[in-house]
Amino acid sequence: MKTVGTVKRYFLTADEGGQSIVPVGYFSTPIIFEEDRELINGLWSAVLEFHNSPNIQ
């Protein structure tokens with residue numbers, strides 16, 4: 001299955017508990033759907049492909 005969409009993503013700064021380096025290129029992260037908070041359908045992941053460099057500000 002491959003679904004493509006456009007999203008806005010905010011990465012936490014190091015001071016906020018995030019990483020000190022912003023990922024570029026491809027980025028994979030686990031996701032939990034609001035409709036399946038108990039993970040009955042298993043854990044899913046999202047693969048993000050950056051078409052533009054992230055705004056590090």
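Note that the structure is a prediction, hence the values are computed from the model and not measured.

Participant: I'd like to hear about the overall build of the chain, residue by residue, with values.
Facilitator: The helix and strand tally for the chain stands at 0 helices and 2 strands. Looking at the chain as a whole, 7% of its 57 residues are labelled buried. The long-range share in the chain, meaning contacts at least 24 apart out of those at least 6 apart in sequence, stands at 27%.

Participant: Describe a nonpolar patch on the surface, listing the residues and the values that go with them.
Facilitator: Residues I32, L39 and L43 make up a contiguous nonpolar surface patch of about 280 Å² in total accessible area. Examined against the element boundaries, L43 turns out to sit in the loop between β1 (26-31) and β2 (44-49).

Participant: Talk me through the pattern of salt bridges; I want residue IDs and the actual numbers.
Facilitator: A complete count under the given rule lists 1 salt bridge for this structure. Put simply, R37 and E34 hold a salt bridge, and the shortest N to O gap is 3.8 Å. Since its relative accessible area comes to 60%, E34 is described here as exposed.

Participant: Let's hear about the packing of aromatic side chains: which residues, and what values?
Facilitator: The geometry of an aromatic ring pair is captured by the separation of the ring centres together with the interplanar angle, meaning the angle of the planes. Counting across every chain of the model gives 2 aromatic pairs. Between F11 and F27, the ring centres sit 5.3 Å apart and the planes meet at 85°, which makes this aromatic pair edge-to-face. Residue F11 is located in the segment before β1, and its partner F27 is located in strand β1; the two are separated by 16 residues in the primary sequence. Looking at F27, the relative accessible area reads 23%, which means it is partly exposed.

Participant: Tell me about the environment of V22, residues and numbers included.
Facilitator: When you line up the elements, V22 lands in the segment before β1. A relative accessible area of 29% places V22 in the partly exposed class. Residues V22 and F11, spaced 11 residues apart in sequence, show a C-alpha to C-alpha distance of 7.4 Å.

Participant: Let's hear about the environment of T29: which residues, and what values?
Facilitator: Within the fold, T29 resides in strand β1. Separated by 19 residues in sequence, T29 and L48 place their C-alpha atoms 8.2 Å apart. Not counting the four nearest positions on each side in its chain, T29 is found in contact with W44, S45 and A46.

Calculation rules
Residues numbered from 1 in each chain as written. Predicted model: local features only at pLDDT ≥ 70, side-chain atom pairs only at ≥ 80, totals over all residues. Heavy atoms only, no water. Helix = DSSP H or I, 4+ residues; strand = E, 2+ residues; numbered from the N terminus. Buried < 20%, exposed > 50% of the residue type's maximum accessible area, 1.4 Å probe, protein only. Contact = heavy atoms within 4.5 Å. Patch = residues over 30% accessible without salt bridge, like charges linked within 9 Å, V, L, I, M, F, W, Y side chains within 5 Å. Areas by Shrake-Rupley, 256 points an atom, 1.4 Å probe, with all protein chains shown as cover. Salt bridge = Lys/Arg side-chain N within 4 Å of Asp/Glu carboxyl O. Phe/Tyr/Trp six-rings, centres within 6.5 Å; stacked < 30°, edge-to-face > 60°.

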